[in-house]
Amino acid sequence: MTTATEHPPRRSPSYWAPIALLLSAGLLSHWANADASAAADASLGGDTEPPSSLLVAVPLQIDYPLLERLLVTQLFTGPEQSRDVLEDPSSCSQVVLSDPGVSPSNSKIDLLADVNARIGFGSTGNCATMLTWKGKIGISGTPEARSDGTALGFSPERVWLMNPAGQTVNNPQIQALAESSVRGIFERFTVDLKPQIQSIEEFLPDVLPEHSKDQIESLLSTLRVGELRANEQALSAEITFEVDPLSTALEPERALSDDELARWEERWQLMDSLLVLTVKHYAAATQLQQLRDALLEVLIESRYRLRDALSVEPSTDEEQDLVRDWFLQSWQSLAPILQRIGLDQPGQEHLLLISVIAATDALDALDQLGPSVGLDISASGLRRLARMINGSAGDDLLNYSEALDPELRQLFEDSFESTDISFDWHWDLSFFPKAFAAADDRLNSWAPKRQDLAEYLPLVAVLLDESIDNAIASRKLDSAYQELFRRLVFTTAWQESCWRHYTVSKDQKLVPLRSGTGDVGLMQINERVWRGFYDQQRLRWDIAYNSDAGAEVLIDYLMKYAIRKGEHKQNGGVSNLARSSYSTYNGGPSKVARYRSSKASTYGKKVDTAFWTKYQQVAAGNELAVSTCLGGDLSGPAIASRGKSNQNKQRTSNVSTQSSVVTPQSFTLQLGVFSTIEAARAFVKQQSLGVDAVVRQRRKIDKSQYLVVYGVYKTREQAEAARKNLTRLQPWIRQFSDI
C-alpha cells in the first residue's frame, strides 16, 4: 500500500510538504477563532476563570480527484490501473475492476468501476469457463476515521451491478462474488495522515514559544481526525485538538526596542523571502502558464500590501500586527493556486495532495488569533516552513537579497507570452542600461534647480521617450495604444517624481529621490514590491535603468490588466486605459478599477484624480507643465515635435533603413566588446554614437561581456549600407540570433 511516507527527489516538493505547510496554518487559524471567543467571554465576565482547555476543530478537505488518485495508487496496481478482486490462484475465475471513479451520494461515497468477469473451474492452464460478464459495479459506503484518528478510511455498505449503459441489473452469481470480495478490498483503502500530523508536531513548538514543553506535548497528544462528511465538493473532515490558553497577563502596547525592531525587520524579510521561495518553487512545478501567471500576480499584489503594512510604525500590539496580517492574507491568496497546481499535475501525488486543504480558508482565519495564545510567527518557524517546501535547501533560499533574481525575472518575462496579444521574439533591453549620448549622461548626476528646468526637462523627455520606444518594441504594443502609452509614462513620471531622479540631502550629498514607503528614482519604483525583478542598486543610481523599469511595469499593467480586463469599454473610453494602468501602478493588481470605483479609499481617489488632471495636460501637449511642481512656469511640449525628434535621431545616426521590429533574423552592427559596462558606455560617448547605439550584456560561463551594437536592419544589404558610414570603427555585421 502506498502511503504518504514515500519521498520524491529533492527537486520536487516533498510528498506531504504542501499539506503540512498549509494545514499548520489551518490548525492555528481555528485555534484563533476558539481563543478569540474565549477572550471575549473573559472580558465580559470579569472574574470568570478561563477554561482549562479549548477544543479546536480544523476543517480538512480532500477533493475527489485526489481521493480517486490515491485509490488507484493503493488498490488498482494491475495493468492499465486494474484490480482482480477474486485473486483465484488458478486464474480460472476473475473479476477484474478497472477505470475507477469516486463521487458523493447522499452523504456517502460511491466508488464506480468497470467490471470484466469470467467464472470457471479447473486448474492453472486447464480452465473451463462457465460464465462471462461485462458491465459496471458500484460500491457505496461511509467515510470513517481510523488508526486512533490519524487516518481516513472507507466502510462499504452496499454493492450493486450495472450494465455498460449504467442501468442496474441483477446477476446473482456475479453479485455473490462481488459482495464477498469487493467489500474486503475497499475496506483496505486508507489515507494515512500521520506524516502530516508529524510535520505539525515539529512545527507548532516554533510558533508557540510561550507554551511549556508539557503544554505542547499535551496539545499534540490530542491531535486526531474526526467528523467525516461527503459533500458535493469534497470529502470534508475535522482535525481536532485541545489547547491550554496562557495564564500570563499581556504586556501593554509600547514602541519596539532596538532589538525588537531588528527582529521585526528580520521577520518580515523572511516572510517575503518565503513567499518568493514558494512562488518560484511551484511555478517550476507546473507547465501551465496561467497558473504561473497567477502565482506571479499574487506575489506582486502581496508586495504592494507589504509596502502598505510597513508604512505603519510597529509596536507590541499583537491585535494590530499588520505585517502578520499581510503574510497570512498572502498565503490565503496562494493556497487555491497551489491546489490547482496539484490537480493539474497527473502522476505526481506529492503535488496533488495540496488539495487536501482546498477549502479551509485557514490562513485568513489565522489573522483573528487572539494574543493570549502566544502565537509568534518566528524566524525559526518560517525557516521550518521553508524546509517543508524545499527540503534542507529552504534555509539557504530565504536569504533577503537586493540583487536581480533571474528566476523571478524570467517568470515576469514569461507572463507576457500568455497575453491575448501575440508577440514575436524580442530583444529585451530592460535588464541593461542604455548607452547615453553625452547630453543624456548628465542626467545621472543632476539634481535640477529652478533655473535648470528649461534645459533639464527636455533631456528627461528624450530619456523617457527612449524607454517608451524600448518597451513598445519589446512588448510589441498595438499601434492603437502607443500614443496613450507615451502619455501614460510621461504623466506617471510627473506624478511620481516631477521628473527628478536625484535630490540633494541635508549634508549636501547627491542622493536618489526616495519616498517614505521605499519608492526610488525617476519612476519611483518601489524597492520592496520589485525586489528580485530589478537590481536595487541600479534602480537607485542609474536613471535610464529606473526609467526603463517604470516603462516596463506600466506596459505590463496596460496590456495584462487594463486592456485585458476591458477598462476601455467602460464609460470614459480609451483614456480609461491610462487611468487604470496608473491605479494599478500605484496600488497593485487588485486596484485595476480603483479610478472608477465609488468604494476607493480617500487616498486612492485623491491620487487618481491628481493623475488624471496631469494626464489631460500631457494629452493636450503641455508636458512642460511638470515644471510647476519644481517651482517653474514652463509650458508646451517637452520635445518640440515627436515626429521632428525622430527625424533628428535618424539624421544623427545616418541610418535610414532601420527596422522598428527586432527578430532573430534582424541584423545589427557590432562595434566592440568590453569587460565592463563602464568601458562600453565610455566608448559610446567617445565615438558620439547617439541613441542608436545600445550596450548589450552577454554571459559567457561565469563572466559577463558588454557588446556595443548599432542599429536594427531587416536585410544584410541594409546593414552593409549602414556600415559604410562607420568604417572607422570596423563594424561587424551580425544577426541577433547570434548574439
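1. With respect to the side chain of arginine 475
Along the chain, the position of arginine 475 falls in helix α14 (residues 453–475). For arginine 475, a relative accessible area of 1% translates into the label buried. A distance of 2.9 Å separates a polar atom in the side chain of arginine 475 from a polar atom in the side chain of glutamate 413.

2. A look at the packing of aromatic side chains
Inspection of the entire model under this criterion finds 19 aromatic pairs. Each residue in the set Phe412, Trp530, Phe533, Tyr534, Tyr545, Tyr557 and Tyr561 is aromatic and connected to the rest through ring pairs, giving one cluster. When the ring centre of tyrosine 400 is taken as origin, the NZ or CZ atom of arginine 531, which lies over that ring, is 4.0 Å away. Lying across the ring of tryptophan 612, arginine 579 places its NZ or CZ 4.5 Å from the centre.

3. Comments concerning the packing of helix α15 (residues 482–497) against helix α18 (residues 576–587)
The contact between α15 and α18 brings their axes to 10 Å, and the two run at 40°. The orientation of α15 relative to α18 falls into the category oblique. Where α15 crosses over α18, the two elements pack in a sense that is right-handed. Facing Leu484, Leu488, Thr492, Gln495 and Glu496 of α15, the residues of α18 in contact are Leu577, Ala578, Ser581, Tyr582, Tyr585 and Asn586. For the contact of α15 with α18, the residue count by class is six nonpolar, four polar and one charged.

4. Section: the packing of helix α17 (residues 543–563) against α18
Their axes nearest at 9 Å, the elements α17 and α18 cross at an angle of 115°. The two elements α17 and α18 cross, and the hand of that crossing is right-handed. Judged by residue contacts, Gly550, Val553, Leu554, Tyr557, Leu558, Ala562 and Ile563 of α17 engage Leu577, Ser580, Ser581, Thr584 and Tyr585 from α18.

5. What about the nonpolar core?
Of all hydrophobic cores here, the largest spans 100 residues; its most connected members are Phe485, Trp499 and Trp530. By residue number, the principal contributor to this core is α17, which donates 14 residues. Contacts of phenylalanine 485, omitting those with residues within four sequence positions, involve Ile468, Ala471, Ile472, Leu477, Ala551, Leu554, Ile555 and Leu558. Grouped together as the second largest cluster of nonpolar side chains are 54 residues, Leu67, Leu70, Leu111 and Leu193 included.

The rules behind the values
Residues numbered from 1 in each chain as written. Predicted model: local features only at pLDDT ≥ 70, side-chain atom pairs only at ≥ 80, totals over all residues. Heavy atoms only, no water. Helix = DSSP H or I, 4+ residues; strand = E, 2+ residues; numbered from the N terminus. Buried < 20%, exposed > 50% of the residue type's maximum accessible area, 1.4 Å probe, protein only. Polar contact = N/O pair within 3.5 Å; in protein donor to acceptor, adjacent residues only side chain to side chain. Phe/Tyr/Trp six-rings, centres within 6.5 Å; stacked < 30°, edge-to-face > 60°. Lys NZ or Arg CZ within 6 Å of the ring centre and 35° of its normal. Axes fitted to C-alpha atoms, helices over the stretch in contact; angles between N-to-C directions. Parallel < 35°, antiparallel > 145°, perpendicular 65-115°, else oblique. Left-handed = near helix turned anticlockwise from the far one by under 90°. Contact = heavy atoms within 4.5 Å. Nonpolar A, V, L, I, M, F, W, Y, C, P; charged D, E, K, R; others polar. Core = buried A, V, L, I, M, F, W, Y, C linked by side-chain atoms within 4.5 Å.

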